[in-house]
Structure formats: structure tokens, C-alpha cells
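# A structural walkthrough
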Amino acid sequence: MKIFRIGLIREGKIPQDSRVALTPAQCKWLLAQRSDIAFAIQPSATRCYKNEEYERMGIPLTEDLSDCDILLGIKEVPVKDLITNKTYLFFSHTKKKQPHNQKLLQTILEKKITLIDYECLEHEDGQRIIGFGFFAGIVGAHNGLMAYGNRTGLFHLDRVYKQKDYRNLIHTYFGLRLPNLKIAVTGSGRVAQGLLEVMNLVGVHEVEPDEYLARRFNYPVYTQLKSMDLYERKDNGKYNRQDFHETPGSYKNKFMPYTRQTDILLNGVYWSEGVPRLFEPEAISDDRFIIETIADVADDENGSVPINKRTQTIEDPVYGVDRYTLEITAPYLKSSIDIMAVGNLPNELPRDASRYFGEQLIKFVFDDLLGKGSETLQRATIAENGKLGKHFSYLADYAAQKPEQS
């Protein structure tokens, strides 16, 4: 019987991520269920689960994972750490031809590595199978509210990462009294689910989009704007999900009226090149544009939120954008709009996020990964033994070009 050796790699990207693909308890459970696997883990001083927690579950620590068949990480693996002829699973951020990861994909191909990207694991209907979106939404909504409180002085929220876990975070909301805010929540996926979770926890009432646009309220409210609420065809004003995904350039955005009724924007909508942005950058200089705080949880620079100009860190999550010059400023200035944009938001609740992630990995991916594979895995295989996966041939020019000099 073949034994599949699975290695949990130490995160090497800076700033270092503390999440992990499988928790110690999940590794123990898998070992009890299957006799054809073995685990090893690289020691890490920054991982949210301590080395000793894995050792207590019978998982050996080792620097050398060269005898492993499958290597599980979270963020992009530094090029110097890639091991030839291995199968890796991590978020590579290459499917949109991101320039900063071009060398990563080229090295993966050179070293005949098989790369399965978590971001590309999808159900047949296109819904993501696995990810940290729910906890990104939780932390993003909290940080958006926190930034607005800091800006106005009307209430105070402490940082998420100071809490032991999600349960403790919930306790911090007891007694919180919010002013008569209007909050727009965009999106309908896992990120949006997390955003809505916090809205409900802090007692913000949901209203329908038309009612939201019609008046102010004497209590805090939010409205959720899904794709059908945000986009319409340029020629007939209608929306069709499949048509939108196939021809996004045929659509225009309908968000502008909400900029005149919204105090906080919590953005969880997926964006890719060609999809209409929520508004044009110049719109923020209009006196009718009253949004003061934007939490761009999707965190696409110059994406659905076109004034998101850079990604911040967990330690310093908020910056300002001047309404008239569009230059980056310090946060909380009268002439600026505050942007909360952090690429690793779930890292503020790393143990909860890792446990949830591992559950999805075990439930939907693990058997296929250790079996004969599946079409689901094939659709997520960006590279296989030195060649681009069959669903990623469009990356050929990206993989062949000389990387841009930084």
C-alpha cells in the first residue's frame, strides 16, 4: 500500500502568515481514519498552532520535507524554497497574471512542480469550495466599523487580533451602541456572509435597497447589494448572471446612488479586469458623495473600489485618500476618505480561520487528492509536471515573458 507523505510547510512570505492548512486535531483525526497517510511539519515560531501542539498529536517536526509527496501551505511559497517534482497546494495569486508572482509560476514550471491553487477549487456551479472568505468578512466588517469609530469619535472598537478567538470577539460587542449609520454591504459569497454576520452581531438592521435609498433612519441600518443590484446591461438595463460573467464589458455599474446615502461601504464583491468598478475615482470629490469609510475586504488595488491604492498591514490597516487630489494621506483627515485594505485579514483570527479551512479541505478535497483525482482538481491545477494545466493555457505568455524588474 502506498503511503502518501504530507508536509505542512512553514510560511515564508513576508509578512509571515500564521495560518495553517490543517490543525493538529485535524491531522490526528485523519491519521485515525486512514492508514495510507503520514504527516510531517516544518517547525515555526509564528504559526498560530504551536509546534508542541502538533507533536502531542504525533506529528513529527522536521526541516527537511523532501521525502513528502504533497506539500500544503497558505500563501505564496518563496521561489528559493520550492522543491522540485512536488505537488503543492497554496494560494499562488497567478491566475490573473499578477506581475509580482510571475517568477513564482515560471520557477514552478522549471522545477516540474504540480500546483493546485486553493482559489481555483470550485463546485460545478462556480462557487468556491475552500477559502478564508468568511473570516476575512468578519475581520473586515469589524475593522471598517472600528475605522469609522476612530474617525468620528462616536464609539470605540478594539483590534480583533487582541482577542483569543472568535467567541471572545463576539463578547466585545455586548453593550456596543452604534449611531444612526447607513452601511452598504456588497457581494454574496463567503466574504459577504462574514460581513453580514458582524452586522447582525452588532445590531445593525437590514433594509431593502429601495428603502435604503429613500430615507434616513433613527437607528443603524445596512443593505446588501448583490450583483443584480450593482450591474445592468448598457443596452437594455437587465442583468443575467451567466451573461455578466462572460461579457462584463457589456455592463455598467448602478452603485452611484448609494454613494449619496452611505456612511460606510463594506466591499466584498469579486472583481477582475473588465468588470465595472463601483464608481470612478473622480466621483469622491462630489459633495454628494458622503461615504467616509471604505473597508475593501476584496482588496483589489484599483479594482471594484478604484481609490484603493495599496494594501496595508494588520498592524496599520487604514490609510486616507484625499477627495480632491486622490493622493494617499494619513487616515481620519477631514478632506480624505478612509480605506481599510489588508490582504491577510483572517490572520487576525488565525486559529478559527485555520480550523474552518481545514474542515473544507478534508470534506471536499482530501479524498480526490489522495485518490485518482477529479475534474474539480484538474480545474484547479495551474501547473502539472512542468506544463500549464489544461484550464490555464491562457497563462502561456505570462509564463514566457521576462519578469518585470522591481
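Scoring rules and cut-offs
- Note that residues are indexed from 1 along each chain, following the sequence as it is written.
- pLDDT decides what is reported in this predicted model: residues at 70 or higher carry local features, side-chain atom pairs at 80 or more are listed and counted, and totals for whole chains, interfaces and linings draw on all residues regardless.
- Each side-chain value is worked out from all heavy atoms of the structure, with water and hydrogens disregarded.
- Helix and strand definitions here come from DSSP, where helices need a minimum of 4 consecutive H or I residues and strands a minimum of 2 consecutive E residues; each element is numbered from the N-terminal end.
- When accessible area is computed with a 1.4 Å probe and restricted to protein chains, residues below 20% of their type maximum are described as buried, those above 50% as exposed, and intermediate ones as partly exposed.
- Aromatic rings from Phe, Tyr and Trp, with only the six-membered ring used for Trp, were paired whenever their centres fell within 6.5 Å, and each pair was classed as stacked if the ring planes differed by under 30 degrees, edge-to-face if by over 60, and tilted otherwise.
- DSSP calls a pair of strands paired once it identifies at least 2 bridges connecting them.
- Note on contacts: a residue pair is in contact if any heavy atoms of the two residues lie within 4.5 Å.
- A fitted line through C-alpha atoms represents every axis, and for helices the fit uses only the stretch in contact; the resulting angles, taken between N-to-C directions, go from 0 to 180 degrees.
- Cavities and pockets are defined on a 1 Å grid built over the protein atoms alone: a cavity is a set of grid points where a 1.4 Å probe fits but cannot escape, while a pocket is an open set with protein on both sides within 12 Å along at least five of seven lines, and lining residues are those with an atom within 4 Å of any such point.
- Grid points are joined across faces, edges and corners, and a volume is the space filled by probe spheres set on the points.
- Residues were grouped as follows: Ala, Val, Leu, Ile, Met, Phe, Trp, Tyr, Cys and Pro as nonpolar; Asp, Glu, Lys and Arg as charged; and all remaining residues, including Gly, as polar.
- UniProt positions are given in the numbering used here, feature names are shortened, and annotations may be inferred rather than shown by experiment.
- What counts as a domain boundary in this text is fixed by an automatic or database domain assignment.
- Buried area is calculated as the accessible area (1.4 Å probe) missing from two parts once they are joined, with the contributions of both summed.
- The term salt bridge refers to a side-chain nitrogen of Lys or Arg lying within 4 Å of a carboxyl oxygen of Asp or Glu.
- In protein, a polar contact means a hydrogen-donor-capable atom and an acceptor-capable atom, both N or O and within 3.5 Å, with residues adjacent in sequence counting only if both atoms are side-chain atoms; elsewhere, any N or O pair within 3.5 Å suffices.
- We define a nonpolar core as any set of buried Ala, Val, Leu, Ile, Met, Phe, Trp, Tyr and Cys residues linked to one another through side-chain atoms lying within 4.5 Å.
- Take the number of residues in a helix, subtract one, and multiply by 1.5 Å to get its expected span.

## Brief notes about unusual backbone geometry
Cis rather than trans, the peptide bond between Ile14 and Pro15 has omega equal to 0°. As for its placement among the helices and strands, Pro15 is situated in the loop between β1 (4–8) and α1 (24–33). A positive phi angle, close to 50°, is found at His93, a residue other than glycine. Here His93 falls in the partly exposed class, since its relative accessible area comes to 23%. One non-glycine residue with positive phi stands out, namely Asn302, at about 55°. Inspection of the secondary structure puts Asn302 in the loop between β12 (293–296) and β13 (318–322).

## Focus: the packing of aromatic side chains
When we look at a pair of aromatic rings, we describe it by the centre distance and by the angle of the planes. The tally for this structure, following the rule as stated, stands at 20 aromatic pairs. Between Tyr118 and Phe357, the ring centres sit 4.8 Å apart and the planes meet at 85°, which makes this aromatic pair edge-to-face. Of this pair, Tyr118 sits in the loop between β5 (114–117) and α4 (133–152) while Phe357 is found in helix α10 (residues 350–364), placing the two residues 239 residues apart along the sequence. The buried category is assigned to Tyr118, whose relative accessible area is 0%.

## Observations regarding the sheet that holds strand β14 (residues 328–329)
Ordered by their spatial adjacency, eight strands build an open sheet running β7-β8-β6-β11-β12-β15-β13-β14, and the pairing between neighbours is mixed. Two strands bound the open sheet, and with one partner strand each, they are β7 (205–206) and β14. Taken together, the five bridges between β13 and strand β15 (residues 336–340) define a ladder with antiparallel strand orientation. The residue of β15 that forms the bridge with Asp322 is Ser336. Taken strand by strand, helix α6 (residues 190–201) contacts β6 (182–186), β8 (221–225) and β11 (264–267), and its axis lies near 155° from that of β6.

## Brief notes about the pairing of strand β16 (residues 381–384)
Where β5 meets β16, two bridges bridge the pair, whose relative direction is antiparallel. For Leu115, the partnering residue across the bridge sits in β16 and is Ala383. Where β16 lies against strand β17 (residues 387–388), two bridges are found, and the strand directions are antiparallel. Across the sheet, the residue bridging to Ala383 is Leu388, located in β17.

## Things to note about the sheet that holds β17
Across the sheet, which stays open at both edges, the seven strands sit in the order β2-β1-β3-β4-β5-β16-β17 with mixed pairing between neighbours. The open sheet has two edge strands, β2 (37–41) and β17, and neither has a second partner. One ladder, built from four bridges, connects strand β4 (residues 87–90) with β5; its direction is parallel. In the strand pairing of β5, Leu89 is matched with Ile116. Sitting on the sheet, α1 is in contact with β1 and β2, with an inclination near 160° to β2.

## Focus on empty space enclosed by the protein
Counted by the stated rule, this structure contains one cavity of 30 Å³ or more. As for the largest cavity, its lining consists of 13 residues, and the residues nearest its centre are Ile9, Glu11, Arg19, Val20 and Arg47. In terms of residue class, the lining of the largest cavity is made up of five nonpolar, three polar and five charged.

## Some remarks on the UniProt feature "binding site: NAD(+)" (unreviewed entry) in the protein chain
Look at the UniProt record and you will see "binding site: NAD(+)" (unreviewed entry) annotated at Asp243, Thr247, Tyr270 and Val297. For the annotated residues, spread through 55 residues, the largest C-alpha to C-alpha distance comes to 25.3 Å, inconsistent with a single compact locus. In this structure, Asp243 sits in helix α9 (residues 241–246). Residues within four places of Asp243 in sequence aside, it is in contact with Arg233, Pro248 and Tyr251. Mapped onto the fold, Tyr270 is located in the loop between β11 and β12. For Tyr270, a relative accessible area of 49% translates into the label partly exposed. In contact with Tyr270, other than residues within four places in its own chain, are Lys95 and Lys96.

## A word on the domain arrangement of the protein chain
Under the domain assignment used here, the protein chain contains domain 1 (4–113 + 350–400) and domain 2 (133–348). Summarising the inter-unit geometry, the C-alpha centres of domain 1 and domain 2 are found 31 Å apart. The interface is formed by twelve residues belonging to domain 1 together with twelve residues belonging to domain 2. In total, domain 1 and domain 2 occlude about 1000 Å² of area from one another, counting both sides; carbon and sulfur atoms represent 48% of this. Our count for the domain 1 to domain 2 interface comes out at one salt bridge. Applying the counting rule to domain 1 against domain 2 returns five residue pairs in polar contact (both at pLDDT 80 or more). Split by residue class, the side of domain 1 that touches domain 2 holds three nonpolar, three polar and six charged.

## Remarks on the nonpolar core
One recurring pattern in soluble globular proteins is that nonpolar side chains are buried together. Counting 97 residues, the largest nonpolar core has Leu22, Leu72, Tyr118, Leu145, Ile183 and Met199 as the members making the most contacts within it. In terms of residue count, the dominant contributor to this core is α4 (ten residues). Counting residues domain by domain, this core receives three or more from each of domain 1 (4–113 + 350–400) and domain 2 (133–348). Not counting residues up to four positions away in its chain, the partners in contact with Ile183 are Leu145, Met199, Val204, Tyr212, Val221, Tyr222, Thr223, Ile264 and Leu266.

## Brief notes about α6
Helix length check: α6, at twelve residues, gives a terminal C-alpha distance of 17 Å against a target of 16 Å (1.5 Å per residue), a fit within 8%. Arg190, Val191, Ala192, Gly194, Leu195, Leu196, Val198 and Met199 are the residues of α6 that are buried. For α6, the elements touching its buried residues are α4, β6, β8, β11 and α10. At the exit of α6 stands Gly203, carrying a positive phi of roughly 80°.

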